[in-house]
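# Per-entry structural report
Each chain, letter by letter, is given below.
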There are 2 protein chains.
Amino acid sequence: MLQVKTPQEAFDIIEQTFSRTLPTERITADNALGRIIAEDVRAEEYVPGFDRSTVDGYAVIAADTFGCSDSIPAILEKAGAVEMGESPAFAVTQGKCVEIPTGGAVPKGADAAVMVEYTEDYGDGTVGIAKSIAPGGNIIFKGDDVFPGKTVLHRGRKLSAQDIGALAAMGKCLVTVVRKPRIAIISTGNELVEPDKIPKDGQIRDVNTSLLRALLTAWGAEAVPCGIVEDDEEKLFAAAEGALSRCDGIIISGGSSVGEKDNACRVIARLGEVLLHGIAMKPGKPTIIGRAGDKPMFGLPGHPVAACFTARLFVRKTLAQLTGEKYELRPISAEISENIGSNHGREEYIPVKLKSENGRTTAYPIRTKSGLITSLAGDDGWMRIPRDCEGIEKGRSVDIILNCVG
Amino acid sequence: MLQVKTPQEAFDIIEQTFSRTLPTERITADNALGRIIAEDVRAEEYVPGFDRSTVDGYAVIAADTFGCSDSIPAILEKAGAVEMGESPAFAVTQGKCVEIPTGGAVPKGADAAVMVEYTEDYGDGTVGIAKSIAPGGNIIFKGDDVFPGKTVLHRGRKLSAQDIGALAAMGKCLVTVVRKPRIAIISTGNELVEPDKIPKDGQIRDVNTSLLRALLTAWGAEAVPCGIVEDDEEKLFAAAEGALSRCDGIIISGGSSVGEKDNACRVIARLGEVLLHGIAMKPGKPTIIGRAGDKPMFGLPGHPVAACFTARLFVRKTLAQLTGEKYELRPISAEISENIGSNHGREEYIPVKLKSENGRTTAYPIRTKSGLITSLAGDDGWMRIPRDCEGIEKGRSVDIILNCVG
C-alpha cells in the first residue's frame, strides 16, 4: 500500500527540496517572451526623458487660463510651435502659448497643455483659450513612467508582452534569463507502442510522451523525449540514468504503483532518493517524487488524464522552483453547474468547460473515466474539490484553474 | 473630429470583413501546440482497441461475486494471468478468475475486475473474493474513449497539450493546420528612436514594435518588424505598401489621430479602404481598422498602453478571423477592490492585479496614465467597464480578461 501524502504536503516537499540551480544566459529582450528573468531590472534613465504633452493643443502657463470660459476666453500670444522629436528652443512666458502636438516636448515655462478643441486660433498671432486648466494638466512629466534606480521587473518574473515593451522603453535590449530546464520524458510499459504504429490486441499507443512534451513546452521548459521502455527494471534504470546525465530532471510515466512490474519507484530509489510515493488525489494517486542530487525525478501514473493532472500540479511547480519563477496556481471562482458528490478524503480534480453570463462564470464538469484523454480535448480549465468535502451543491462557488495557451 | 464606433461595432466590422484566407500546411502533431487546426479530426479506430482493466486484481464474471463478503468470500478457480501488452489466449468461464494488471486486456467471458485489495490468493489454485462487483466494474471498454467516426477535435480549435495527447491516442501523427498569419509592424513618429539608442531631448524609444511583436508571437502569429518611419506620408505609404505585399496584414502604430502629421489614416485609405476611424474606448480612441483586399490594416495609437489594449481586442480578434480560430474573449468575474468613477459614454479598460481568497477573486486596479507602459509590467489581466456605466461600487462584480503566457 502507498503511504499517501496530501497535495499540499507534496508542494511543501517540492519547495523545501528544489531551488534554482540552473545557469543564466544573456539574450535579446525581443526573444525573451515567456522566459524567467534572473535579475531585478532597474531603470537607469528617466522615462520619458522630458515633459510631454498628452494632447494636441497649446502649451500654456496654467495661471494664464484661470477664470476663462467660452464667453470670456483668455487671449494668449502664439509664441511658436513645437516640432515632434525636437527640443523646443523657446520658452513660454506670461501671456504666451506654444502650439504642441501629442507627445511633443513641453517648452520651458509652460506647466499645462490645453486641448485644441477648447482653443481658437484668431489668425492674428493670438489664440483664445475657452477652458481653464490646472497646473500639470495634460502633461506626462519627466520620470513619470520610471526614474533612475526604480525596479521595474523583479527577478523570477515570467516575461509577458508588456514586460518586453517596458524593457524597450528603458533601452534594455539584452536581458539575463534562466536557461530553460531540460526535462527527459520516458514512457514505460509492455503494452505501449509509438503513436505512428497500429496497436495489436492488448497494446495501446503511448500518449504520455506527446502530452508531457506539449505541457513542458507550454510551460517554457525544453522537453527531451526518450522513447518507450519495457517493464524491465534494468532497462528502465539504464534509460533513466542516461537521461538524467543529459538533463536537469526526468519524468517516468507508467509503472508508478506498487505492483511487481512497477519499476519506477525502485529505479528512482536507485538513482537517488524517493521523497514521496502516493498522493491523496483523484486522479493521480500513484505518483512518485524523488531527487538525484538537485535534479527532480517524477514517476507519474500511466493513465494520461492522471499524468496530465499530476504534471500540471507537481511538475509545473518544480519547474518554477528550478528556474526561480515566482509562480502560484491562481484559481478563479465559478459557480458549479450541478451537484458534485463527496470525494472521500482526497482532493479531486475535474476538467471543466466555462461559460460567462450576466457577470457570473459557470463551470460545467466534464465527466471522464481515468485514462480517457480525448475527454480533455476541449476543456477550459479544471476544478479542485477539497479533501473531506461532503459534496458541493449546484450554484456553489468552486476554484477553477484555467488552461492557457496564449 | 473622429466618428467613433463602439468596441462591439468594431468587432462586428471585423467579423463581417475578414474570414479565413490563409493556406493550410501539414505538420507533425508534436509540433502543433498552439496552432489552429484546419480540419475536423475524426477517429478511425476504437480507443482503447480492447476492454482494459483499470485496477490490479482479478478479471471475473460479476455474477460469480454477487452476495460475497469478508466473512463469506466467493471462491474462484485461478485460470491464469494476463500479461501486459498481450492478448489473453484463455477465456473466463463460470467459477473462474484470471489475474490481471492495470491496463491489461480483459479475457473473453469476464465482465468486471476486482481490486487485489479485496481478494486473497489461497495458494492452492483458488482465490477468495471478499467484495461483490457489478458488471462493467473497473473496466474501460473498447471504444469508451473514441470510436470510428467520432469527431474528437473540431476545425478552428487552438491545439492545447491535451489535444496533442488525444492526437497521439488516435495515431494522428500529422495534422493540417492554418499557416501562421504574417503581420508587419511599422512604428511611425519623428520622435521615435530604436530601443538601443539614447533618446535626445524630445525623443523617446520605440516601444510598440517590441510590444506588438511579443503580443503577436504570444497569439500564434508571425511578427514582421519593419522599423520606424518618420512623419512623412509618402515614406509611410511606401513602407506600408512594401510590407503589405510580403505579409497578410499590417499594423501601423502612431499617427492614427486626425492631426496634420497623422498619416496612418490617409495611407490606409490609399492602400485600400478605411472601415473605421475612432473607437469609443479609453484608452485607444484614435484607432483605425482598414482592409486592402482581404488583408487587414490597423492604425493603432502611438501610446503603448493604448496600442496594447486596442491590439488585445481588435488585432487579436482579426487574427482569429484570418485563421478560422474559434475564439472568444472569456471574461472571468471578480469583485472590485475600490470604487470606480463614471466613464462618460465610452468603454474603459483598466489593468488589474488579482488576488484569490476564500473562494472570491478580487481585482485591484492598476492606476496608469496613458503611455506609462511600465505600469503594465506585473498586471494579471484587465477589467472592462461598460459604456454609460455610472461608476462601480467597491465589492461589485466586474468582468476580467486574463493575460496568459503559459
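Parameters and conventions
Per chain, residues are indexed from 1 in the order of the written sequence. Starting at A for chains and at 1 for ligands, labels are handed out in the order in which the entities are written. Under the rules for a predicted model, residues below a pLDDT of 70 receive no local features and side-chain atom pairs below 80 are neither given nor counted, while totals for whole chains, interfaces and linings still include all residues. The side-chain quantities take in all heavy atoms of the structure and omit both hydrogens and water. Least squares is used to superpose the copies, and the fit set is the C-alpha atoms of residues whose pLDDT is at least 70 in both copies. Two residues qualify as a contact provided that any one of their heavy atoms is within 4.5 Å of a heavy atom in the partner residue. A fitted line through C-alpha atoms represents every axis, and for helices the fit uses only the stretch in contact; the resulting angles, taken between N-to-C directions, go from 0 to 180 degrees. Strands here are runs of E lasting at least two residues and helices are runs of H or I lasting at least four, both read from the DSSP assignment and numbered beginning at the N terminus. Roughly parallel refers to an angle under 35 degrees, roughly antiparallel to one over 145, roughly perpendicular to one between 65 and 115, and oblique to any angle outside these ranges. Two helices cross in a left-handed way if the nearer one is turned anticlockwise from the farther one by less than a right angle. They cross in a right-handed way if the turn is clockwise. All amino acids are sorted into three groups, where Ala, Val, Leu, Ile, Met, Phe, Trp, Tyr, Cys and Pro are nonpolar, Asp, Glu, Lys and Arg are charged, and the leftover types, Gly among them, are polar. For every residue, the accessible area obtained with a 1.4 Å probe (protein chains only) is divided by the maximum for its type, and the residue is called buried under 20%, exposed over 50%, and partly exposed between those limits. N or O atoms within 3.5 Å of each other form a polar contact, as long as, within protein, one can give a hydrogen and the other can take it, and as long as residues adjacent in sequence are counted only when both atoms are side-chain atoms. Residue ranges labeled as domains rest on an automatic or database domain assignment. Paired strands, in this sense, are two strands between which DSSP finds at least two bridges. Accessible surface is computed with a 1.4 Å probe, and the buried area is the amount of it that two parts give up when combined, taken over both parts together. We count a salt bridge whenever a side-chain nitrogen from Lys or Arg sits within 4 Å of a carboxyl oxygen from Asp or Glu. Throughout, disulfides are identified as pairs of cysteine sulfur atoms within 2.5 Å of each other. Aromatic contacts are taken between Phe, Tyr and Trp rings whose centres are within 6.5 Å, Trp giving its six-membered ring; a plane angle under 30 degrees counts as stacked, one over 60 as edge-to-face, and the others as tilted. In this analysis the charged atom, NZ for Lys or CZ for Arg, is taken to sit over a ring once it is within 6 Å of the ring centre and within 35 degrees of the ring normal.

## Quick word on the relation of the copies chain A and chain B
- Overlaying chain A on chain B yields an RMSD of 0.0 Å, the required transformation being a rotation through 180° with an accompanying axial translation of 0.0 Å. Given the turn and translation reported, the copies of this chain are related as if by a two-fold rotation axis.
- Residue by residue, 99% of the interface of chain A is reproduced at the interface of chain B, so both copies engage with the same surface.

## So, the packing of helix α4 (residues 233-246) of chain A against helix α5 (residues 264-271) of chain A
Residue and element names in this part refer to chain A.
- The geometry of α4 relative to α5 is characterised by a closest axis approach of 9 Å and an angle of 50° between their N-to-C directions. On the basis of the axis angle, α4 is oblique to α5. Where α4 crosses over α5, the handedness of that crossing is right-handed. On α5, the residues touching E233, E234, L236, F237, A240, E241 and L244 of α4 are A264, R266, V267, R270 and L271.
- Here the residues of the contact of α4 with α5 sort into 7 nonpolar, no polar and 5 charged.

## Examining the side chain of A:Q203
- The residue A:Q203 is located in the loop between β14 (192-193) and β15 (204-205) in this model.
- Note on A:Q203: relative accessible area 16%, which makes it buried.
- For A:Q203, the side chain forms a polar contact with the main-chain nitrogen of A:K200, separated by 2.8 Å.
- Leave out the neighbours within four places in its chain, and A:Q203 touches A:E191, A:V193, A:I198, B:F50 and B:G85.

## Focus on the domain arrangement of chain A
- The domains assigned to chain A are domain 1 (7-23 + 180-323), domain 2 (30-47 + 145-178), domain 3 (52-140) and domain 4 (332-402).
- Computed over C-alpha atoms only, the centres of domain 2 of chain A and domain 3 of chain A are separated by 35 Å.

## Remarks on the sheet that holds strand β16 (residues 222-229) of chain A
Residue and element names in this part refer to chain A.
- Taken together, the 6 strands give an open sheet; going across it, the order is β16-β13-β17-β21-β20-β18, and neighbouring strands pair in mixed fashion. Sheet topology places β16 and β18 (273-277) at the edges, where each strand pairs with a single neighbour. Across the sheet, the axes of successive neighbouring strands diverge by a mean angle of 20°, strand direction being ignored.
- In this fold helix α3 (residues 208-218) packs onto β13 (182-188), β16, β17 (249-253) and β21 (295-300), with an angle of close to 165° to the strand it touches most, β13.
- This element, α4, spans β13, β16, β17, β20 (288-292) and β21 of the sheet and lies at about 170° to β13.

## Focus on the interface of chain A and chain B
- Counting residues at the interface gives 94 residues for chain A, matched by 94 residues for chain B.
- Surface buried jointly by chain A and chain B totals about 7,400 Å² across both partners, of which 57% is contributed by carbon and sulfur atoms.
- Scanning the region where chain A abuts chain B turns up 6 salt bridges.
- Per element, the largest residue contribution to the side of chain A that touches chain B is 8 residues, and it comes from helix α2 (residues 161-169) of chain A.
- Partitioned by chemical class, the residues of the side of chain A that touches chain B number 38 nonpolar, 28 polar and 28 charged.

## Describing the sheet that holds strand β21 (residues 295-300) of chain B
Residue and element names in this part refer to chain B.
- Strand order in this open sheet of 6 strands is β16-β13-β17-β21-β20-β18, and the pairing throughout is mixed. Because the sheet does not close on itself, it has two edges, and the strands there are β16 (222-229) and β18 (273-277). Neighbour to neighbour, the strand axes of the sheet diverge by 20° on average, direction disregarded.
- Here strand β20 (residues 288-292) pairs with β21 via 5 bridges, running antiparallel. When the sheet's bridge partners are listed, I289 is paired in β21 with F298.
- In the packing of helix α1 (residues 7-17) onto the sheet, the strands contacted are β18 and β20, and the crossing angle to β18 comes to about 155°.
- Relative to β18, helix α5 (residues 264-271) is tilted by about 140°, and along the sheet it contacts β17 (249-253), β18, β20 and β21.

## Some details on the state of the cysteines
- Applying the stated rule across the entire model yields 0 disulfides over all chains.
- A disulfide-free cysteine, A:C173 has its sulfur positioned 18 Å from the sulfur of B:C226, the nearest such atom.
- For A:C173, a relative accessible area of 29% corresponds to the partly exposed category.

## A closer look at the pattern of salt bridges
- Under the defined criterion, the tally for this structure stands at 40 salt bridges over all chains.
- Between B:E45 and A:R205 there is a salt bridge; the shortest N-O distance is 2.9 Å. Remark: A:R205 occurs in strand β15 and B:E45 occurs in the loop between β2 (41-42) and β3 (52-53); the pair is interchain, linking two chains.
- Look at B:E45 and you get partly exposed, because its relative accessible area is 23%.

## Considerations on the packing of α1(B) against helix α6 (residues 304-323) of chain B
Residues and elements named next belong to chain B.
- Two numbers describe how α1 lies on α6: the axes approach to 10 Å, and their chain directions differ by 25°. Between α1 and α6, the interaxial angle falls into the category roughly parallel. The two elements α1 and α6 cross, and the hand of that crossing is right-handed. Between α1 and α6, the contacting residues are P7, A10, F11, I14 and E15 on the first element and L313, F314, K317, T318 and Q321 on the second.
- Broken down by class, the residue content of the contact of α1 with α6 amounts to 6 nonpolar, 2 polar and 2 charged.

## Section: the packing of aromatic side chains
- Within this structure, the stated rule accounts for 8 aromatic pairs over all chains.
- With 5.2 Å between their ring centres and 40° between their planes, B:F11 and B:F314 make a pair best called tilted. On the criterion of sequence distance, the pair formed by B:F11 in helix α1 and B:F314 in helix α6 is long-range, its members being 303 residues apart.
- Among the aromatic residues, ring-to-ring pairing joins A:F309, A:Y349 and A:W382 into one connected group.
- For the cation-ring pair, A:K355 lies above A:Y364, with the distance from its terminal atom to the ring centre recorded as 5.2 Å.

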